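Chain by chain, the residues:
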Amino acid sequence: MSKYWSQLTRTLDPYVPGEQPKIDGLIKLNTNENPYPPSPKVVEAIRGFDTDRLRLYPDPNSDALKQTLATYYQVANNQVFVGNGSDEVLGLAFMAFFKQDKPLLFPDISYSFYPVYCGLFEIDYQCLPLNDRFEIDVDDYATANGGIIFPNPNAPTGRALGLATIRRLLQQNTESVVVVDEAYIDFGGESAIALVDEFPNLLVVQTFSKSRSLAGSRVGFAIGSAELIDGLERVKNSFNSYPLDAYASVAAIAAVQDQAYFEQARDKIIASRQWLDQELSQLGFEVLPSAANFIFAKHPAHDAAALYKGLRERKILVRYFNKPRIDQHLRITIGTQHEVEALVTALKQIL
Ligand SMILES: *Cc1c(COP(=O)(O)O)cnc(C)c1O
């Protein structure tokens, strides 16, 4: 605490990202990064970037990237918004849509940044519990609200809702904005982008950090009706006119244009996820079905915090959450096949 802090700053409870420790030989399965490098076309685009352009401000509207995304997802240019990572896009969406008289609704177990934004923007919220199978029941959300947000697939559970279920939620909820945070959609779920023309209150948010191996570059985007995108632009242009670096846009465009590489890396991750799911089940873990690039699992006979510690001693880092309902689970990012095999070997030693 400092006497110089504002009243608001004093009340904040900031988000704590997963660790990025600098330990030689560490197998890092704790922050859902992609284990494979970005596409060679991305590397080429960054190498070819004319650094003289760094003198100039970037395009404030990132039109070239918006055009690329609009073509890829078959929507109009004015249905695309881009930002400095999807965390920023989410933050702007909270500011633009969720400060209402009624509370924002989100699941009790989901992305832990949501309550942090509510604190920063003074948004009232209510958490709705997942069922015992850690699923979202969309009928719980058919109640008066100032907005709805959830990740699909959910984090940290990995469970995904199908498009028909999301449509049912949208049919029941037409008066407030629904944000579907699709950070992991490319690893197995069905994108709600297919529904944006049907529901003007739907905003779908995605990121280049996971499926496109660009977490270090900070590019996220949203797709929705022109009126929602316009609302986001108003807030963005009241906060930071140039959220995307000139070279970040160039890298992101090259990533979208290399579909073959994208599919190859994604398919390897899905294959390793299936392999790890089987191996963990054989070791006695209860594994939730995952549509993401991570697995959420618990062992009925071994304390999760102790497993986390044992793995860490063997230079393998996974994510442990000391939180109600999930303090006996581990969230394990799908690494390369070699990395997940090392994890299984280490778990066999510990168990
Ligand atoms: C990783 C993640 C994000 C943020 O991604 P960035 O684009 O890197 O900011 C947003 N939502 C969820 C659920 C995530 O897991």
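Residues numbered from 1 in each chain as written. Predicted model: local features only at pLDDT ≥ 70, side-chain atom pairs only at ≥ 80, totals over all residues. Heavy atoms only, no water.

Colleague: Explain the nonpolar core residue by residue, including any values.
Modeller: Residues L65, L69, F150, L202, F208 and I223 are the most contacted members of the largest nonpolar core, which totals 50 residues. Residue contributions to this core peak at seven residues, all from helix 8 (residues 246-257). Built from parts of two domains, this core gets at least three residues from each of domain 1 (18-37 + 260-350) and domain 2 (41-257). Once you skip the residues sitting within four places of it in the chain, F208 turns out to touch L65, L69, S213, L214, A215, V219, F221, A252, A255 and V256. Counting residues in hydrophobic clusters, the runner-up holds 35 residues, among them I269, I295, A346 and L347. (Core = buried A, V, L, I, M, F, W, Y, C linked by side-chain atoms within 4.5 Å. Buried < 20%, exposed > 50% of the residue type's maximum accessible area, 1.4 Å probe, protein only. Helix = DSSP H or I, 4+ residues; strand = E, 2+ residues; numbered from the N terminus. Domains from an automatic or database assignment. Contact = heavy atoms within 4.5 Å.)

Colleague: Give a detailed account of the environment of L104, specifying residues and quantitative values.
Modeller: Structurally, L104 can be placed in strand 3 (residues 104-107). Taking C-alpha positions, L104 is 4.7 Å from G147, a pair spaced 43 residues apart along the chain. In this structure, L104 is in contact with F94, F98, C118, I123, D124, Y125, Q126, G146, G147, I148 and I149, ignoring residues within four places of it in sequence.

Colleague: Describe the packing of helix 3 (residues 63-73) against helix 8, with residues and values.
Modeller: The N-to-C vectors of helix 3 and helix 8 enclose an angle of 20°; their axes lie 9 Å apart at closest approach. In terms of axis orientation, helix 3 runs roughly parallel to helix 8. Note on packing geometry: the crossing formed by helix 3 with helix 8 is left-handed. Facing helix 3, whose interface residues are A64, L65, T68, L69 and Y72, helix 8 presents A252, I253, V256 and Q257. Broken down by class, the residue content of the contact of helix 3 with helix 8 amounts to seven nonpolar, two polar and no charged. (Axes fitted to C-alpha atoms, helices over the stretch in contact; angles between N-to-C directions. Parallel < 35°, antiparallel > 145°, perpendicular 65-115°, else oblique. Left-handed = near helix turned anticlockwise from the far one by under 90°. Nonpolar A, V, L, I, M, F, W, Y, C, P; charged D, E, K, R; others polar.)

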